[in-house]
Amino acid sequence: MEIDEAREVRTTCPYCGVGCGVLAKVAADGEVSVRGDPSHPANFGRLCSKGSALAETIDLDGRLLHPEIHGRRAGWDEALDLVASTFSQTIAEHGPDAVAFYVSGQLLTEDYYVANKLMKGFVGSANIDTNSRLCMASSVAGHRRAFGSDTVPGTYEDLELADLIVLVGSNLAWCHPVLYQRIAAAREKRPEMKVVLVDPRRTMTADIADMHLAIAPDGDVALFTGLLAYLGRHNALDRAYITAHTTGFGQALFAASVLDLAGVAAATGLSEDELDRFYSLFAATSKTVTVYSQGVNQSSSGTDKVNAIINCHLATGRIGSPGAGPFSVTGQPNAMGGREVGGMANMLAAHMEIENPEHRDRMQRFWTAPAIAERPGLKAVEMFQAVADGRIKALWIMATNPVDSMPDADAVEAAIKACPFVVVSDVLARTDTVRHAHIRLPAAAWGEKDGTVTNSERRISRQRAFLDLPGEARPDWQVVAEVGKRMGFAEAFSYASPSEVFAEHAALSGFENDGARDFDIGAYAGVDAEGYEELAPFQWPAPSPVTPLWPKGGRTTGHQPIRFFADGNFYTPDRKARFIAIRPAVETRTSLDYPLILNTGRIRDHWHTMTRTGKSPRLSQHIAEPFVEIHPADAQRFGIGDADIARVSSPRGDVLVRALVTARQRQGSLFAPMHWTDQFAAKGRLDALTAPLTDPVSGQPALKHVAARIEKFAAKAFGFAVMRQRPTPDTATYWAVAKCKGGWRVELAFADDDIDWAGFAGALFGTPPGAEILAYHDRDAGQHRIAAFDGDHLSGALFVAPGPVAVSRGWAAEQLNADHVDRRGRLAIVAGRPGGVDVDRGAIVCSCFGVGANQIAQAVRGGCASVEAIGAALHAGTNCGSCRAEIRIIVDAQILQAAE
Ligand code: SF4
């Protein structure tokens, strides 16, 4: 591919479902830079910390560059022939349901489309499911129950137009930062706008909240059924809307009224006063948007939570109008695209239903397919259970890492290991899943592949290549199509480009549609390669008009947002929305052995299993190791001190993580992030603890409500080290590595302190012969510090202490990039303290400008009394803005401290 080096390429961010536009540029020396696309309607130029650091994640270090069969390098033809023949043979011997694809919201729509077509139309099974099942399947199920279609009614603009935003189970500040910034900016312009945060934890999103409801885990159904009952009792219903456009209201209200206010308070853990204030605010504010994400979806009652929320919007007629509606925001960049092409086991492409014989017939005719899946396939959790018990004998995993991200992850790993034939398509040569593959297929990465993605507001944008494909990597759509051809379906899979796939996908959406189905982008059915190249971001629906909708070079800034259901018509047979009768049920999963509830989630600067963000020094400095948040009262009860290493266990497994004692955590609950894998920590795979318990309607796992216990890991010694080479610190019971500029840093804890520390340091640093070693040992105090210098450069420094090591991490890591010519400077490293004028920046808060907590505190003491003043003084918070909430907390704490 010819890349125009001088040109900025318009593409989209590959991380969250906000779907921000990115301008990427390759300089003459090959250096890549990115910035937010000012014309993209999702972000208007903004990017969060992850998006801003994209250029740091695209090196070829660790890439899988050639196909491999049983660990040996192979040619594409040999690998593809083997995949096709083994799948064909397995189907011939055991039937189509003996094979499965497990795919990903990281795939582009074109990849997804081809994989779904092969499985559902040509293999004849619906055994294709996606890691989006773990992310938003409950929203899909809730939409379909209420609207008769999987439709997100609103747009991002509604978040700016609303007078009240209710954020439920959604840490927008860290997980959808650009949407958070859009809300924060709107609120600054209109201070009368109110924000309510419903979350068991006081997350960073609380920074913009007027009210934080620290709800009990899974108390959301009770909260929103209680709200429906309140609206009924206080005559706050839109009766005309209910009558004209809905059915089932009476039953829903009856079911919701089972709890009185005291009952709702008991089920939610909130006071009656808190409930009353929230309910009266909701009742009085017509322009209300309720935003929800994983805290709602990842639950054994996720679909009921979604419908309990939608019920309240239907009951007040607040849907389909500017500034009003329920709004599911997706985690992954293309979860929505996957839904559109039937990437889930219980749907057909183009939002058609697998249970509907007319839809199946239409699908089969459109594809001229030899077969069509006749019943839903296995959803993610069921799929890996079928792999475990031998029903699935050939499995193809694309662009995802289920050994780390699936619930009951150890059982999933065992199932994959035992599966007779496992193919993995990935960009990396080493992940916890790739290591078990019989066939490894090198996939094109972000920046190398071409296609489309759909964001949470139904906006379809291009991802464009700006880098050449490295080694023998290929785009996924092409690889799946090649396998399809080799399985005997050459005509159906003879695509020459992703534009041909997209055109077919668009044609299918409009095929025999006539407004009967929500998903229709028929206007793009005739798009050619040139039109596809120029495709500007657009929202669906875009049904076929007389003139095509892809004016060459056209941009859509200023384009009017499209809302669904403005006319009160839905996609049910009678065009009326359905209220769902939901009874709140209070479930207790804790026991004497496992008395706490573990909530799992994400952090600001890492993405999923860190296969990309783990490459970025900038992103790795914000939080560099796995941790568990625990309330101070629980910490005292279980003998956990701040910065101790804690063992968190469930009936399925355990992890070793750093303890973070904080009152932002709810008492009785723990929170830990899901990002760490065996590649980055000794024992940090959090999903080894989660259970394969799913929502009965959506099949989505309950990843936020795990019965757990916590105990202190009685470490005899703690360590911290920085070094140039990637370490393998197997002697330590606890370790967590993170990239830093010029090398790596590692946190350590040891069950035993009878260790040859000099030998350990030598192995850790890979100390070259002739290196100068400086060491300090105080064996009685258990203190050891060792530094190795290769010429003027630091090869590594190790700090060991009997308790958590008190060395400035940022300062120590910076020493890898400094010249160390004078002895005083070298001795300062062994002392573990910045010498002379060096400032200990403290924990990094602003990743963009590398500003630490100590610098911010110092600036506050120097007179900076606001986030804006800190920005002016230190630049912190002035680029992506993802750290502004943390800066505000430090500013407030310093001001409070000064006043005491
Ligand atoms: Fe990417 Fe951040 Fe935008 Fe999400 S909010 S799409 S992670 S830049």
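Counting restarts for each chain: residues are numbered from 1 in the order of the written sequence. Local features are withheld for residues below a pLDDT of 70 in this predicted model, meaning they are given only at 70 or higher, and side-chain atom pairs are given and counted only at 80 or more; totals for whole chains, interfaces and linings count all residues. Hydrogens are left out, water is left out, and the side-chain values use all remaining heavy atoms of the structure.

1. Re the overall build of the protein
- Going along the chain from the N terminus, every DSSP run of H or I of four or more residues is numbered as a helix, and every run of E of two or more is numbered as a strand. Of regular secondary structure, the protein possesses 30 helices and 34 strands.
- Relative to the compact-globule value of 29 Å for 900 residues, the protein shows a C-alpha radius of gyration of 27 Å, a close match.
- When accessible area is computed with a 1.4 Å probe and restricted to protein chains, residues below 20% of their type maximum are described as buried, those above 50% as exposed, and intermediate ones as partly exposed. Buried residues in the protein amount to 63% of all 900 residues.
- Carbon and sulfur atoms make up 50% of the accessible area of the protein, which amounts to about 30900 Å² in all.
- Lys and Arg are tallied as positive, Asp and Glu as negative. Neither His nor the chain termini are counted. A charge is said to be at NZ when it belongs to Lys, at CZ for Arg, at CG for Asp and at CD for Glu. Side chains of the protein give 89 positive and 105 negative charges; the mean places of these two sets differ by 2 Å. It is over C-alpha atoms that the radius of gyration is taken, and the globule rule equals 2.2 Å times the number of residues to the power 0.38. Under the convention used here, a 1.4 Å probe and the Shrake-Rupley method define accessible areas, while residue burial counts only the protein chains that appear.

2. Describing the pairing of strand E23 (residues 645–650)
- In terms of burial, E23 is a largely internal element, five of the six residues being buried.
- Strands qualify as paired when DSSP identifies two bridges or more between them. Pairing of E23 with strand E24 (residues 653–661), which is carried by six bridges, proceeds in the antiparallel orientation. Note that in E24 the partner of Ala-646 across the bridge is Val-657.
- Counted along the chain from E23 to the antiparallel partner E24, the turn is two residues long.

3. Here's the deal with the state of the cysteines
- The criterion for a disulfide is a pair of cysteine sulfur atoms lying within 2.5 Å. The tally for this structure, following the rule as stated, stands at zero disulfides.
- Here Cys-740 is not cross-linked by a disulfide; its sulfur's nearest cysteine counterpart is in Cys-846, at 18 Å.
- A relative accessible area of 6% places Cys-740 in the buried class.

4. What to know about the site of the ligand
- We call a residue near a molecule or strand whenever a single non-hydrogen atom of that residue lies within 4 Å of it. Contacts to the ligand come from Cys-13, Tyr-15, Cys-16, Val-18, Gly-19, Cys-20, Leu-47, Cys-48, Lys-50, Gly-51, Pro-177 and Val-178.
- Using a 2 Å cut-off from the grid points, one finds that the ligand occupies the second largest cavity.
- Where the shell around the ligand is concerned, the elements lending two or more residues are helix H1 (49–52) and helix H7 (177–189).
- Three residue categories are used. Nonpolar comprises Ala, Val, Leu, Ile, Met, Phe, Trp, Tyr, Cys and Pro, charged comprises Asp, Glu, Lys and Arg, and polar comprises the others, including Gly. Across the shell around the ligand, the residue classes break down as nine nonpolar, two polar and one charged. Definitions used throughout: a 1 Å grid over protein atoms alone; a cavity as a set of points that fits a 1.4 Å probe which cannot get out; a pocket as an open set with protein on both sides within 12 Å along at least five of seven lines; a lining residue as one with an atom within 4 Å of a point. Pocket or cavity membership: a molecule qualifies when more than half of its atoms sit within 2 Å of the grid points of that site.

5. Let's talk about the sheet that holds E24
- The strand order around the closed barrel formed by six strands is E21-E25-E22-E24-E23-E26, and the pairing between neighbours is mixed. In this sheet, neighbouring strand axes are inclined to one another by 45 degrees on average, regardless of whether the strands run parallel or antiparallel. Every axis in this analysis is a line fitted to C-alpha atoms, fitted for helices over the stretch in contact. Angles between the N-to-C directions lie between 0 and 180 degrees.

6. Details of the packing of aromatic side chains
- Here a pair means two rings of Phe, Tyr or Trp (six-membered ring of Trp) with centres within 6.5 Å. Their orientation is stacked below 30 degrees between planes, edge-to-face above 60, and tilted elsewhere. Under the counting rule described, the total for this entry stands at 33 aromatic pairs.
- Their ring planes at 85 degrees and their centres at 5.0 Å tell us that Phe-519 and Trp-540 sit as a pair that is edge-to-face. Within this pair, whereas Phe-519 is found in the loop between helix H21 (498–510) and helix H22 (529–534), its partner Trp-540 is found in the loop between strand E19 (538–539) and strand E20 (577–578), the two being separated by 21 residues in sequence. Both residues of the pair, Phe-519 and Trp-540, count as buried.
- Connected via pairs of aromatic rings, a cluster forms that spans Phe-147, Phe-519, Trp-540, Phe-564, Phe-565, Phe-570 and Tyr-571.
- We count a charge as sitting over a ring when the NZ of a lysine or the CZ of an arginine lies within 6 Å of the ring centre and within 35 degrees of the ring normal. Lying over the aromatic face of Phe-671, Arg-201 brings its terminal NZ or CZ to 3.4 Å of the ring centre.
- The ring of Tyr-532 is capped by Arg-462, whose NZ or CZ atom sits 4.2 Å from the centre of that ring.

7. Details of unusual backbone geometry
- The omega torsion across Trp-540 and Pro-541 is 15 degrees, close enough to zero to call that bond cis.
- Backbone geometry places Asp-218, a non-glycine residue, at a positive phi of 60 degrees.
- Relative to the elements of secondary structure, Asp-218 occurs in the loop between strand E10 (211–213) and helix H8 (220–233).

8. Regarding the pattern of salt bridges
- A carboxyl oxygen of Asp or Glu within 4 Å of a side-chain nitrogen of Lys or Arg is what we treat as a salt bridge. Inspection of every chain in the model, using the stated rule, returns 55 salt bridges.
- Between Asp-37 and Arg-10 there is a salt bridge, with its nearest N and O atoms 2.9 Å apart. Of this pair, Asp-37 sits in the loop between strand E3 (32–36) and H1 while Arg-10 sits in strand E1 (residues 9–12), and the two are 27 residues apart along the sequence.
- For Asp-37, a relative accessible area of 1% corresponds to the buried category.

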